[in-house]
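Residue strings, one per chain:
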Amino acid sequence: MSTLLDSIRKVFNGNTAARVGYQRDVVLTITATISSSDTVGATKTVNFQEDPTQTPTSVFQVPLDRKLVIEDIYISQSYAPTNGQLRLIVNGDRVVSYVSDINDLLVSNPSRSRPSPFVLNPGDRLTGQLIVTGVPSSGSTTVTIKAKGRYIVG
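Overview of the structure. (Residues numbered from 1 in each chain as written. Predicted model: local features only at pLDDT ≥ 70, side-chain atom pairs only at ≥ 80, totals over all residues. Heavy atoms only, no water.)

**Some points on the packing of aromatic side chains**
For any two aromatic rings, the description comes down to two numbers: the centre-to-centre distance and the angle of the planes. As enumerated under the stated definition, the model contains zero aromatic pairs in all. The ring of Y151 has R66 lying over it, and the distance from NZ or CZ to the ring centre is 5.0 Å. (Phe/Tyr/Trp six-rings, centres within 6.5 Å; stacked < 30°, edge-to-face > 60°. Lys NZ or Arg CZ within 6 Å of the ring centre and 35° of its normal.)

**Digging into the pattern of salt bridges**
Side chains that differ in sign of charge can pair as their charged atoms come close. Summed over the entire model, instances satisfying the criterion amount to six salt bridges. Across the salt bridge formed by D38 and K44, the nearest N and O atoms sit 3.2 Å from each other. One salt bridge connects R114 with D72, and the closest N-O pair in it is separated by 3.2 Å. With a gap of 42 residues between them, R114 in the loop between β7 (94–99) and β8 (118–120) and D72 in strand β5 (residues 66–74) connect regions that are remote in the sequence. Owing to a relative accessible area of 56%, R114 belongs among the exposed residues under this scheme. Given the relative accessible area of 8%, D72 is considered buried. Salt bridges here are not isolated pairs; linked through shared partners, they connect D72, R112 and R114. (Salt bridge = Lys/Arg side-chain N within 4 Å of Asp/Glu carboxyl O. Helix = DSSP H or I, 4+ residues; strand = E, 2+ residues; numbered from the N terminus. Buried < 20%, exposed > 50% of the residue type's maximum accessible area, 1.4 Å probe, protein only.)

**Let's talk about unusual backbone geometry**
Phi is positive for N91, which is not a glycine, with a value near 55°. Position of N91 among the secondary structure elements: in the loop between β6 (84–90) and β7.

And the structure:
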């Protein structure tokens, strides 16, 4: 007599570890603070925040049970308060995205260039740098960039 578990095993060719996969959209908020004392060419470390309730971190690690596909990078303000170049790096040694002018990323601009999508594997660590190309006239300013993607589980 066959049990329900035997039937499930038969469907998955005996692989009891098989799981149903799913996808979930995610938007990472990427921020960098630039002060008026910074010079053009200064390199600032960016912070990542997946959820507004979480503390921003300079190293974003992909959960071990999923992949992350980043499909778009954009800004939602008409222009970033201070311009710069964005470099995203995986595992400390591989540049996966480079944006030469973040002001070209305005989401409402239909002719904006879109960075090539890239995949982050389970456990990958994402870091980033903002290279300053324009300095605020006084005080400091925070540049906010969004990275839209999706988690793939299973």
